[in-house]
Amino acid sequence: MEKAKDVINLQHSQVTIAGASIHTVTAGPPDAPGLLLLHGWPESWATWREIIPLAAATHRVAAIDLPGVGGSGPGAAPGSKRAIAALVHGLADALGLTDVTLVGHDIGGMVAYAYLRDFPDLARAVIMDVPIPGVDPWDDFIRAPFLWHFALHAVPALPEQLVSGQQEPYFGYFYDLLSATPGVPEAKVRSEQAAAYATPSALTAGFGWYRAFGRDVEDNLAAAAGPPVRTPLLYLRGGAERGSPIDAYLQGLRRAGVLDVTPAVVSGAGHFPHEEAAAATWRAISGFISSATSTGQPAGA
């Protein structure tokens, strides 16, 4: 039997926002509630291949390549998550998405947090498998030995020189280290994602996300000193993910002024629950969407 992901109609397009050409992959009914998917590092829109067909039955799904990587570029790309969030917000408007649930994994989760703080028209958000710069337990997390690459990627120019031409084995090291499921991500996705960072400008765009962490910390501390956020947020992670207990992330988000935070854990999955256990991950996300909608939380409240 063919898998749903092999028969679903995916539409690829380029959407220009503030001078940036964003590669966008859409599926699902045009008038359905919006689901906007943001990948992390070293990923591309392809990381969502298992989720898109599950979600497209009930949602207008849009998965993008973040600015500067894959089909989004080439050209100067912002590293600051707040600047990327502004482009993503413009994209959501340009696509005509309504009742939007924004889902961000890894670096994409940091962008989702910035979006959540800056754009109250967002209906709900999902942050997956990532600490947020400047929000507890960020300071503890970045000291973990397995995150040595955070420091390397922040060094100007050097990581581009070391990784250029070695994208597939370098990225594969992190996939194998962080996934709890052997062979996930699958070979096709690994190749696609290596290709998304094949050019020098794409490598620089990806490493730029790490180089902007200091700015992200400043932005998020300033946001925490401002008004609280009432938009419902699901914090989701794999049960075998490394790092602090999930309660530490929930407490940090609440102390930062995010008032409505719900946890979810995908049992047995590591850093890539959307690929390791797509059905369980979508059940958690769709259940959260239904719950947040049924409580009467209006879009942008």
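One can find the structure itself at the top, above this paragraph.
Not measured: the values here are computed from a predicted model.

(A) The arrangement of the sheet that holds strand β6 (residues 124–128) in detail. Judged by pairing direction, the sheet is mixed, and its eight strands sit side by side in the order β1-β2-β4-β3-β5-β6-β7-β8 without closing on themselves. Only two strands of the sheet have a single partner each, and these edge strands are β1 (11–17) and β8 (261–266). Between one strand axis and the next, the sheet turns through 25° on average, direction left out of account. Note: strand β7 (residues 233–238) against β8, six bridges, orientation parallel. What sits directly across from Leu233, in β8, is Val261. Relative to the sheet, helix α4 (residues 107–118) contacts β3 (34–38), β5 (101–105), β6 and β7, its axis offset from that of β5 by approximately 145°.

(B) Broad picture of a nonpolar patch on the surface. Together, Val155, Leu158 and Leu162 make up a nonpolar patch on the protein surface, roughly 230 Å² of accessible area in all. With respect to the helices and strands, the residue Leu158 is situated in helix α7 (residues 158–163).

(C) Highlighting the pattern of salt bridges. This structure, assessed with the given rule, holds nine salt bridges. Between Arg211 and Glu160 there is a salt bridge, with its nearest N and O atoms 2.8 Å apart. Pair noted here: Arg211 is in helix α10 (residues 200–211) and Glu160 is in helix α7, with a separation of 51 residues, a long-range link. By relative accessible area, which is 13% here, Glu160 ends up buried. Between Asp219 and Arg215 there is a salt bridge, with its nearest N and O atoms 3.2 Å apart. Here Arg215 and Asp219 lie together in helix α11 (residues 213–224), a separation of four residues that amounts to about one turn.

(D) View of the pairing of β5. Of all five residues in β5, five are buried; the element is thus mostly enclosed. The alternating pattern of β5 places Thr101, Val103 and His105 on one face and Leu102 and Gly104 on the opposite face, and all of these are buried. Direction of pairing for β3 relative to β5: parallel, over a ladder of four bridges. Residue pairing for β5: Leu38 is matched across the bridge by Gly104. Examined bridge by bridge, β5 and β6 share five bridges and lie parallel to one another. Among the inter-strand pairings, Gly104 is bridged to a residue of β6, identified as Ile127. Following the chain from β5 across α4 to the adjacent parallel β6, one finds a crossover that is right-handed.

(E) Looking closely at empty space enclosed by the protein. With the rule as written, the count across this model stands at four cavities of 30 Å³ or more. In this model, the largest cavity occupies a volume close to 260 Å³. As for the largest cavity, its lining consists of 23 residues, of which Asp106, Phe141, Leu147, Leu178 and His271 are closest to the centre. Contributions of two or more residues to the lining of the largest cavity are made by α4, α6 (148–154), α8 (167–178) and β7. Of the residues assigned to the lining of the largest cavity, the class counts are 16 nonpolar, two polar and five charged. Lining the second largest cavity, in full, are Lys81, Arg82, Met110, Ala114, Pro133, Asp216, Asp219 and Asn220. Every element with two or more residues in the lining of the second largest cavity is listed here: α3 (81–95), α4 and α11. Considering every element that reaches the lining of the second largest cavity, the biggest residue donor is α11, with three residues.

(F) Quick look at the packing of aromatic side chains. For the structure shown, the criterion picks out 22 aromatic pairs. When the ring of Trp41 is compared with that of Phe207, the centres are 6.3 Å apart and the planes differ by 40°; the resulting orientation is tilted. With a gap of 166 residues between them, Trp41 in the loop between β3 and α2 (51–55) and Phe207 in helix α10 connect regions that are remote in the sequence. Aromatic pair Tyr170 and Phe174: ring centres 5.1 Å apart, planes at 80°, arrangement edge-to-face. You can see Tyr170 and its partner Phe174 sitting in helix α8, four residues apart, about one turn around the helix. Each member of the pair, Tyr170 as well as Phe174, is classed as buried. Directly above the ring of Phe146 sits Arg242, whose terminal nitrogen or CZ lies 5.1 Å from the centroid.

About the thresholds
Going along each chain's sequence as written, the residues are numbered from 1 onward. Under the rules for a predicted model, residues below a pLDDT of 70 receive no local features and side-chain atom pairs below 80 are neither given nor counted, while totals for whole chains, interfaces and linings still include all residues. Water and hydrogen atoms were dropped before computing side-chain values, which therefore reflect all heavy atoms in the structure. Strands qualify as paired when DSSP identifies two bridges or more between them. Where helices and strands are cited, they refer to DSSP runs of H or I of at least four residues and of E of at least two residues respectively, numbered from the N terminus. All axes are obtained by fitting lines to C-alpha atoms, using only the stretch in contact for helices, and the reported angles, taken between N-to-C directions, cover 0 to 180 degrees. Two residues qualify as a contact provided that any one of their heavy atoms is within 4.5 Å of a heavy atom in the partner residue. Patches here: salt-bridge-free residues with over 30% relative accessible area, like charges joined within 9 Å, nonpolar side chains (Val, Leu, Ile, Met, Phe, Trp, Tyr) joined within 5 Å. Under the convention used here, a 1.4 Å probe and the Shrake-Rupley method define accessible areas, while residue burial counts only the protein chains that appear. In the sections that follow, a salt bridge refers to a side-chain nitrogen of Lys or Arg positioned within 4 Å of a carboxyl oxygen of Asp or Glu. Partly exposed describes any residue whose relative accessible area lies between the buried limit of under 20% and the exposed limit of over 50%, with all areas from a 1.4 Å probe on protein chains only and scaled to the type maximum. A crossover counts as right-handed when, viewed with the strands pointing away from the observer, the path leading from the first strand over the helix to the second turns clockwise. Residues are called lining when one of their atoms sits within 4 Å of a cavity or pocket point, these points coming from a 1 Å grid over the protein atoms alone, where a cavity is a set in which a 1.4 Å probe fits but cannot get out and a pocket is an open set with protein on both sides within 12 Å along at least five of seven lines. Grid points are joined across faces, edges and corners, and a volume is the space filled by probe spheres set on the points. Each residue is assigned to one of three groups, with Ala, Val, Leu, Ile, Met, Phe, Trp, Tyr, Cys and Pro labelled nonpolar, Asp, Glu, Lys and Arg labelled charged, and all others, Gly among them, labelled polar. Centre distance within 6.5 Å is the pairing criterion for rings of Phe, Tyr and Trp, where only the six-membered ring of Trp is used; planes under 30 degrees apart are then read as stacked, over 60 as edge-to-face, and the remainder as tilted. Only Lys NZ and Arg CZ are tested; either one counts as a charge over a ring when it is within 6 Å of the ring centre and within 35 degrees of the ring normal.

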